[in-house]
Amino acid sequence: MAALFPRWSNTAARASLLALALLVVGVPLGLMAFVRSSNASARYEPVKQPIPFDHQIHAGRLGINCVYCHATVMRSPTAGIPPTQTCVPCHSTVWINSSELAPVRRSMQTGKPITWNRVDRLPDFVYFDHSVHVNKGVGCESCHGRVDKMSTVYQAKPLTMGWCLSCHRMPAGQLRPVEAVTIMGYTPAVAQARLGPELAAKYHVRSLTSCTTCHR
Amino acid sequence: MSATVEPDTGVSAGAGWPLLTGQHDDASLTDHLLSPIWQTRPGWWWLFGLSCAGTLLFIGTITYTIARGIGVWGNNIPVAWAYAIVNFVWWVGIGHAGTFISAFLLLLNQRWRGSVNRIAEAMTIFALVNASLFPLLHLGRAWFFYWLIPYPATMGVWPNFKSSLPWDVAAVSTYFTVSLLFWYLGLVPDLASARDRAATLFRRRVYGLFALGWRGAGYQWARYRAAYTLLAALATPLVISVHSVVSLDFAIAQLPGWHSTIFPPYFVVGAIYSGLAMVIVLLLPMRRVFRLGDVITNAHLDAIAKLMLTMGLMLAYSYVIELFMAWYSGNQFERFTYLVDRPTGPYAVLYWVMTVLNVVTPQLFWVTRFRTSGPILFIASLGILAGMWIERFIIIVTSLNRDFLTSSWHFYAPSWVDWSILAGSVSLFAFLFLLFIRFVPSVAISEVKELSLGLGEGQVDLAPIGSVEAEHA
Amino acid sequence: MTNDGANDLTRRGFLKFVGASLALAGLDGCTRMPAEKILPYVIEPPELTPGVPVHYATSMVLDGYATGLIVKAREGRPIKIEGNPGHPASLGATDAIHQASLLQLYDGDRATSLRSGRQRSSWAQLSAAFTPSSLRSRVGARGAGLYVVLEPTSSPLVISLLNRLRTLYPDMRVYYYAPLAGPNEATVARYDLAPADVILCVDADVLGTMPMHLHHARAFADRRRDPRHGMNRLYAIEPSLTVTGMSADERMRCRPSAVEPILAHLLSTLGGDRASGPAAAPPLPADVPTAWLAALASDLRAHAGRSVVIAGPHQTPVARALAASLNDVLGNAGHTAWHSASPLAEAGASGHSIADLADALRSGGVRALVCGGVNVAYAAPASLGLSSLLTRSPERLYLGMYEDETAERATWFVPQSHYLESWGDARAYDGTLSIVQPLVQPLYDSKSLVELLAMLGGQAAADPRMLLRQSWQEAGLAPTDEAWTSAVRTGFVAGSGFAPVATAPRSPIGPVTTAATSASPDSSTTATAPDRFEVVFAPDYRVHDGRFANIGWLQELPDPITKLTWGNAALVSPATAKLLGVSDGDGLALRHDSASLTIPALIVPGLADGTATIHFGYGRRGHEHAAIAAAGADAYTLWPAVGVPFMSNVSIERDESASRALATTHDHWSMEGRDQARIQTAAAYVASSSTQRPPRAPLPTLFQPEHPNGTSPHQWAMTIDLGTCIGCSACVVACQAENNIPVVGYEDVLKSREMHWLRIDRYATGPEENPAVVTQPMLCQHCEMAPCEYVCPVGATEHSSDGLNEMIYNRCVGTRFCSNNCPYKVRRFNWFDYNAELTEVERLVKNPDVTVRERGVMEKCTFCVQRIREAEIAAADAGTALHGGDVRTACQQACPTNAIVFGSLTEPETTMMQRRAEPRAYTVLEELGTRPRVTYLARIRNANPELDHA
């Protein structure tokens, strides 16, 4: 009786066995790799804003302190997006007629807020509190990156739970003097290995890894 | 239906039965045993249509559940587990007989398993397909089921290995994989003979594809045997482990009625018990329809019935011990659950039905005639299957609905969705099994041939069945 | 608000399913979170920091009396109501209705548009139609045809506005009506329970529904903290079981018709003379145990001057007069019981009789009827026929919150503003002047009563705040700006309560209706005659007179006694039920003359045989969803007349057509010989605890020592005193409001799927004729060795370093294993997406500090962890150390009796720790070794030794 299958089918059979094995191992690995990639977290993608506000100029070149605009960061869970009125003092003298500032003028006239696009987004079931982090000596930079070098701001860190935990498990590594929290490109005067624990003791910083620290 | 085929080797019934009857040479055996896959029997389409309808109902109600929420079931607080888990445990239990028969008995050199193991294994696979659906389905957020599997997540957290549920996943999936391999490996030689005898090229191709180029060469047989025994050795401990792990889903809780040390063996026994009943329920009609009386003889029925009797007695013992322990513990909650709530509470009727079905029914099998009478075996087995389902219901629901604080006591009643899903899962099982007997050699031809060869040469010691003397006399 | 689990698969549901299947495909890891917008202020209000709550003082007015409240707002929306600690009617506590009134603000069924007839209209058009000149043309020059119906009001502002109206319409008639308002008298009865050693409540729910009940409950509880000395003794004589009756040390049930004879009998026993007493004490009904009364009398006599006798405000004038003379005889008058001027406008005047209005309508003298927030078409005795009579008035202007029964009959309908949207004022029962201050602009095109009256007075555009300020200035209530500002800040004017008045010369007590006239003397036989039943009409603990019937939180709040939700029932004693051959849910038909009512029966131990108790407020016929969903019977159809507490000679028979499955959350009264809720008589307790027992030895264990999570400076724990828990259920609603707990609806409560994190278990011990009842708040016990934790496959419930049993919703996959393994069954599961059908407005009530739970996840009490973390962070920001005692859970804050205290095990000086050390402290199901962080104090019954049948 004639052969049912051509000779190459042997090879095909072996190959498919191999492929199956690779698939079983490869697909999960691939997914795990992907969720860690910047594509998954939309990291490094500049977020367009209604006003081309340039942090590189304001925070970087002009050296305006973060807290000038994000005024409630020290006393509220949210750092606060500046009300339109914050722009006025300077921009009633500078760039008065700039078309790029039109939305600001319109907002002041109509009383309608400017609609900004959120850059760093945490899920709603995460209760992050800016004030306590800042007051315990965690720098803006630690989570938001070198904002002074971003002309258009983007998400600089993964903001995954694992990433949060990495600091919550060993906070000392990220601490700086409270006076220095807003400094960009901060470098500790003495070795962080020595400074960190000192600050941790001074600010009563504990490693908080209970679930309800963030989830309520 | 009198399914017993009178042996033409002049053996009087009762003394014992041969494993094979009729005059067959290898060729006729093969033709005979392959015949079901060549032509469709009338009635097959009927059953198949029915099972398809049921399966659609299954899919529909599952979709509805996932879309609307677990609330479409009857579950509540305190009874947060009910039908889904009952069905899960029931199906896993049924799944046990297959491997038990094929692997366990193979290692014990029980030759009679030869003509029934294929069916039993198929049953195991299909039962596990059902069983593995329910744990997924009963999750409030089924789409996050993979959080039960240990993998390095970006959340930086792992499953809780103190809980029995992640182990459940592991146990059931392992068991499923091994059973599947075991079944398929056993199939290879028969698929080959199906390939060789298929009428059309297409069929030859298909069966050939799955036969993996089996030619029955000596070296192939040698490796086949090695692999088969190896898998059997692998599968055997699983028979014990799987339902032990399942039983821990209850035993690790502190709930009266669950918190019990005898659960693992108790569950394993119950599992094999129900599994054997299912084997009988499937075997008898097949033997009738496909005229398999000559390979599936009273000897098989007798052996399985004896096993069921044994399991039934062990189960009865477990029941008694449970009650004794509840009384002996002196714990008011234990005593209430076992001695008050179950026998006299809102579900008392079910409790007594269960006791009758699981404890009284098998006592029939002390009588030789009943062990081999098709109708009695069939009905008794159905009863035992029902009884074992009710047992799981009693264990789960009656423990939950009245626990420690009387303020949280509440009755549980299933919804129409619960019933539909149960009916649907049985249909899915039937659906798969019907496809199996239609397209796959449902009796292990090679093993039967082997057996007949051995019988012919009188090499096989059939003492366990006790029919050799009769034959040679 | 309700979410019927059985409704069909919605489009949203399908989309969810699609999403689910995607996720199932493992793709959810890759899906990005949707882009989110941020809208900052244009000019930031100085008083407001985004993300930080602000608190304002205001008051809620019920039947004319104010209760001071502090309301918490986030970004301008009220999200939580607390009591005002300084306000005498609150003392920092609230009741269930105060808590739930928040939900009414965001109620999706609130009327949103002003209409004339069926046409949508506007405030301008309305005020144009009602300018004095035009209105005069319709109601006569002197306004003889103008009739105004208001709730009884104590508001100086409203009174001044009415006076202004009277100058325009001198002959205008004003009626003050609320169905359950107290007696219409110039003085109100006042009590002080603090100095009272013996308290006798005769059908008086002094802890539950009477005015100042929060104040009384606190005073009552403060005398029960230490059973060893100075513990008061509460006697209750009542036909049905009330919150007060549940808390009583000695309770006697009696048919309502027996109340007067019993009081008269007591008075004569205690030597009331002709002047103070009735002519002759009538015979007592045979079923009243005289021995019991004798013991009571001797106890009262023994504590003359330090006791108080209280008759319910809804009791007959005779009964209340008898109670007053009892206080005179006992020398309590002036010490524990006195009278003060009624804060209500025109108290004692005829304007409080709604029957007159019915007559006026019938006579056709009413040309224009202005109805200010009173749903007269529903909440009035059907015998008056107001619902049909209303239409006799050609013009009917109705100010109401809902399109209800009266709105249907209105020619002009004005949506009423919620009190959290309005300016106003009112006096508390004791006269304390209180401010009603808005926290939000009206959500809809609605107006307050003040604005309506001002409009009628010709000031359509007046700013209510300015009106209030003016009226206070004119009345000299707040002469200076400082006074005004401080009043607005604190919410009330301290010390503005009314002084006692010399007990009004009481007219000699009228003839005591002997029980004989209402039932044959031998009432053991009366019960057997079908037409000899008595029906008690009672205010509802949840919907009061029906006005709160559309508040889901209240509809789903289990009644403190019956644990019934979503409706009412005829409460009958076990014996009566047997007599009628009914069990729970079986329908009954009540008939008296022409009036009849069909209603399901519900068996309650401790009720007087031969009586049925019916609560007001159900059987609504308006357009409010929850009110309609709560199928119940309308007690007003049977109610003979306003102010009548009960009705005799009612025939009761079975009526299958009225049968209905009753959604009770806890239908098992017995503890089955278990001891989860412990109760002990004072004598036995003192005997056992006087000999200083050694501290309870810890159970033998292989586990690590107690408080295993010592790594945190605070170790949170709670103590609940069953001795002072009166079961009022304010904590349950407070918890619901604080923690975004959804309403599941009648169907799902029937299936035992209610979501309350905190429930109040209620057990009865002793004879079912007259059991001792104990209420036990049951919430997550935060076990140190939590059975739920080790069974969760994904670690969605864990133990925190400060001893909390944490529930992480976003990790939960919903195996429900934790609930199965929880011996307290305090975990609740989201069987459906119970928030799916909330409107945008309804969502505003949610507390932004607590996750709104998704379908398919488990949830439970968290010890208000959001409050703990908020306090910790505040302390950290301020660089101070947090004192654990300063953190208060929602249930604790609402509790009128301070039965619940919260704190840290690391601070031994706190009340919480001191109570833990008491000999009567115990943990529930201790033998399971779960080591709960919640400790209970056994209830101590200060039984009268002479009566003790324990």
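Since the structure is predicted, the reported quantities are computational estimates derived from the model, not experimental observations.

Participant: What is the right way to read the overall build of chain A from this model?
Facilitator: Each helix and strand in chain A was counted, giving 10 helices and 1 strand. Secondary structure elements of chain A occur, N-terminal to C-terminal, as α-α-α-α-α-α-β-α-α-α-α. Against the compact-globule benchmark of 17 Å for 216 residues, chain A has a radius of gyration of 25 Å, which places it well outside the compact range. Seen through its principal axes, chain A has C-alpha atoms that stretch 95 × 50 × 35 Å. Per-residue burial for chain A yields a buried fraction of 35% across its 216 residues. Partitioning the contacts of chain A with sequence separation of at least 6, the portion at a separation of at least 24 is 68%. Put simply, chain A shows about 12,500 Å² of open surface, and 65% of that area lies on carbon and sulfur atoms.

Participant: Even after reading the chapter, I still don't get the interface of chain C and chain B, so can you show me in this structure?
Facilitator: Size of an interface, as often reported, equals the accessible area lost when the parts are brought together. Tallying the contact residues gives 67 residues for chain C and 57 residues for chain B. Note on chain C versus chain B: buried area summed over both sides is about 5,300 Å², and carbon and sulfur give 57% of it. Together, R674(C), R811(C) and N820(C) form the three largest contributors to the area buried by chain C at its contact with chain B, with a combined 14%. D403(B) serves as the salt-bridge partner of K825(C), at 3.0 Å between the closest nitrogen and oxygen. Inspection of the region where chain C meets chain B yields 35 residue pairs in polar contact (both at pLDDT 80 or more). Breaking the side of chain C that touches chain B down by element, the ones donating at least two residues are α1 (11-24), β31 (759-765), α25 (787-791), α26 (817-820) and β35 (828-829) of chain C. Considering each element in turn, the side of chain C that touches chain B owes the most residues, 5 residues, to α1(C). Residues of the side of chain C that touches chain B, tallied by class, amount to 30 nonpolar, 18 polar and 19 charged.

Participant: Could you clarify how one ought to interpret a nonpolar patch on the surface in this entry?
Facilitator: Residues and elements named next belong to chain B. Taken together, L323, F324, M325, W327, Y328, L339 and V340 make up a surface patch of nonpolar side chains, about 670 Å² in accessible area. At the level of elements, α9 (298-329) and α10 (332-344) are the ones that each hand at least two residues to the nonpolar patch. Among the elements that take part in the nonpolar patch, α9 stands out by supplying 5 residues, more than any other. Since its relative accessible area comes to 34%, L339 is described here as partly exposed.

Participant: How should the pairing of strand β26 (residues 611-615) of chain C be read in this particular structure?
Facilitator: As a general feature of sheets, a regular strand has side chains that alternate between the two faces. All names here are of chain C. Burial of β26 is extensive: 5 of the 5 residues sit out of reach of the surface. Of the two faces of β26, the one carrying T611, T613 and H615 and the one carrying A612 and I614 are both buried. Pairing of strand β21 (residues 533-538) with β26 involves 5 bridges; the strand directions are parallel. Paired with A538 across the strands is H615, a residue of β26. The pairing of strand β23 (residues 570-572) with β26 spans 2 bridges and is antiparallel. The partner of V572 across the bridge, within β26, is A612.

Participant: Before we go on, may I ask you to explain the sheet that holds strand β2 (residues 54-62) of chain C in this structure?
Facilitator: Two modes of strand pairing occur in sheets, parallel and antiparallel, and in both the strands are linked by backbone hydrogen bonds. Residue and element names in this part refer to chain C. Strand order in the open sheet formed by 3 strands is β2-β3-β4, and the pairing between neighbours is antiparallel. Strand pairing shows two members of the sheet lacking a second neighbour, β2 and β4 (77-83), which therefore form its edges. Strand-to-strand, the axes of this sheet are offset by a mean angle of 40 degrees, without reference to chain direction. Judged from the 6 bridges that link them, strand β3 (residues 65-74) and β4 form a sheet pairing that is antiparallel. Counted as the bridge partner of A73 is P78 from β4.

Participant: I tried to follow the interface of chain C and chain A on my own but got confused; where do I start?
Facilitator: In this assembly, 40 residues from chain C lie in contact with 46 residues from chain A. Here chain C packs against chain A, burying approximately 3,600 Å² in sum over the two surfaces, 57% of which is carbon and sulfur. Between E36(C) and R118(A) there is a salt bridge, with the nearest N and O atoms lying 2.3 Å from each other. Applying the counting rule to chain C against chain A returns 19 residue pairs in polar contact (both at pLDDT 80 or more). Listed by contribution, the elements that provide at least two residues to the side of chain C that touches chain A are β1 (37-38) and α28 (865-878) of chain C. The biggest single contributor to the side of chain C that touches chain A is α28(C), with 6 residues. Residue composition of the side of chain C that touches chain A, by class: 20 nonpolar, 11 polar and 9 charged. Pairing between strand β1 (residues 116-117) of chain A and β1(C): 2 bridges, direction antiparallel. Within the sheet, the bridge partner assigned to N117(A) lies in β1(C) and is K37(C).

Participant: I tried to follow the pattern of salt bridges on my own but got confused; where do I start?
Facilitator: Note on pairing: side chains with opposite charge can pair once their charged atoms come close. Residue and element names in this part refer to chain C. A complete count under the given rule lists 60 salt bridges over all chains for this structure. Its salt-bridge partner being E408, residue R409 comes within 3.8 Å of it at the nearest N-O pair. We classify E408 as partly exposed; its relative accessible area is 34%. Here R869 makes a salt bridge to D802, at a shortest N to O gap of 2.8 Å.

Participant: In this structure, what is going on with the packing of aromatic side chains? I would like to understand it.
Facilitator: The geometry of an aromatic ring pair comes down to the distance between the two centres and the angle between the two planes. Residues and elements named next belong to chain B. Evaluated as defined, the whole model comprises 66 aromatic pairs over all chains. A centroid spacing of 5.6 Å and a plane angle of 10 degrees characterise the contact between Y224 and Y228, whose relative ring orientation is stacked. Placement of both Y224 and Y228 in helix α7 (residues 218-251) is noted, with a separation of 4 residues, approximately one turn of the helix. The same class applies to Y224 as to Y228, namely buried. For the pair F393 and Y412, a centre-to-centre distance of 6.3 Å together with 45 degrees between the ring planes defines the contact as tilted.

Participant: Explanation requested: the environment of T99(B) in the structure shown.
Facilitator: Residues and elements named next belong to chain B. Mapping T99 onto the fold places it in helix α3 (residues 83-107). Relative accessible area serves as the criterion here: at 4%, T99 is assigned to the buried category. Along the sequence, T99 and G275 sit 176 residues apart, while their C-alpha atoms lie 9.8 Å from each other. Contact partners of T99, with chain neighbours within four places excluded, come to F104, T124, Y175, S179, A235 and V239.

Participant: Teacher, can you tell me more about the pairing of strand β37 (residues 900-904) of chain C here?
Facilitator: Residues and elements named next belong to chain C. With 5 of its 5 residues buried, β37 lies for the most part within the structure. Residues of β37 alternate between two faces, with I900, F902 and S904 on one and V901 and G903 on the opposite face, all of them buried. Summarising the sheet, strand β30 (residues 716-721) and β37 pair through 5 bridges and their orientation is antiparallel. The residue bridging I720 from the neighbouring strand is I900, located in β37.

Participant: Looking at this structure, how should I read unusual backbone geometry?
Facilitator: Note the cis peptide between I77(B) and P78(B), where omega equals 20 degrees. Checked against the element boundaries, P78(B) lands in the loop between α2 (44-68) and α3. Positioned with a positive phi, L212(B) is a non-glycine residue whose angle comes to about 55 degrees. As for its placement among the helices and strands, L212(B) is situated in the loop between α6 (201-211) and α7. Its identity is not glycine, yet L925(C) carries a phi of approximately 55 degrees, on the positive side. Its location among the elements puts L925(C) in the loop between β38 (921-922) and β39 (934-937).

Participant: Would you mind going over the sheet that holds strand β20 (residues 500-501) of chain C with me for this structure?
Facilitator: One open sheet accounts for 3 strands, arranged β9-β14-β20 (chain C); its pairing is antiparallel. Both outer strands of the open sheet, β9 (187-191) and β20 of chain C, are each paired with one neighbouring strand and no more.

Basis of the calculations
- Within each chain, residues carry numbers counting from 1 in the order of the written sequence.
- To read the labels, note that chains go from A and ligands from 1, taken in the order they are written.
- Where local features are concerned, this predicted model is filtered to residues with pLDDT of at least 70; where side-chain atom pairs are given and counted, the filter is 80 or more; whole-chain, interface and lining totals use all residues.
- Only hydrogens and water are set aside when side-chain values are computed; all heavy atoms of the structure are taken into account.
- Counting from the N terminus, the helices are DSSP H or I runs at least four residues long and the strands are E runs at least two residues long.
- Values of the radius of gyration come from C-alpha atoms, whereas the globule rule sets the reference at 2.2 Å times the count of residues to the power 0.38.
- The cut-offs for exposure are 20% and 50% of the maximum accessible area for each residue type, with area from a 1.4 Å probe on protein chains only; residues under the lower value are buried, those over the upper are exposed, and the others partly exposed.
- Note on definitions: a residue-residue contact is assigned when non-hydrogen atoms from the two residues lie within 4.5 Å.
- Under the convention used here, a 1.4 Å probe and the Shrake-Rupley method define accessible areas, while residue burial counts only the protein chains that appear.
- For any pair of parts, buried area is found by adding up, for both, the accessible area (1.4 Å probe) each one loses once the two are put together.
- Salt bridge, as used here: a side-chain nitrogen of Lys or Arg that lies within 4 Å of a carboxyl oxygen of Asp or Glu.
- By the criterion applied in these results, polar contacts are pairs of N or O atoms within 3.5 Å in which, for protein atoms, one can donate a hydrogen and the other can accept it, and in which residues neighboring in sequence qualify only through two side-chain atoms.
- Three residue categories are used. Nonpolar comprises Ala, Val, Leu, Ile, Met, Phe, Trp, Tyr, Cys and Pro, charged comprises Asp, Glu, Lys and Arg, and polar comprises the others, including Gly.
- Within this analysis, patches are made of residues with over 30% relative accessible area and no salt bridge. Like charges are joined at 9 Å or less; nonpolar side chains (Val, Leu, Ile, Met, Phe, Trp, Tyr) at 5 Å or less.
- Strand pairing requires that DSSP identify at least two bridges connecting the strands.
- Helix axes are fitted only over the stretch in contact, all axes being lines through C-alpha atoms; the angle between N-to-C directions runs from 0 to 180 degrees.
- Only Phe, Tyr and Trp rings are paired, with Trp represented by its six-membered ring, and only when their centres lie within 6.5 Å; those with planes under 30 degrees apart are stacked, over 60 edge-to-face, the remainder tilted.

Read these as layout, nothing more, since geometry by itself doesn't imply function.
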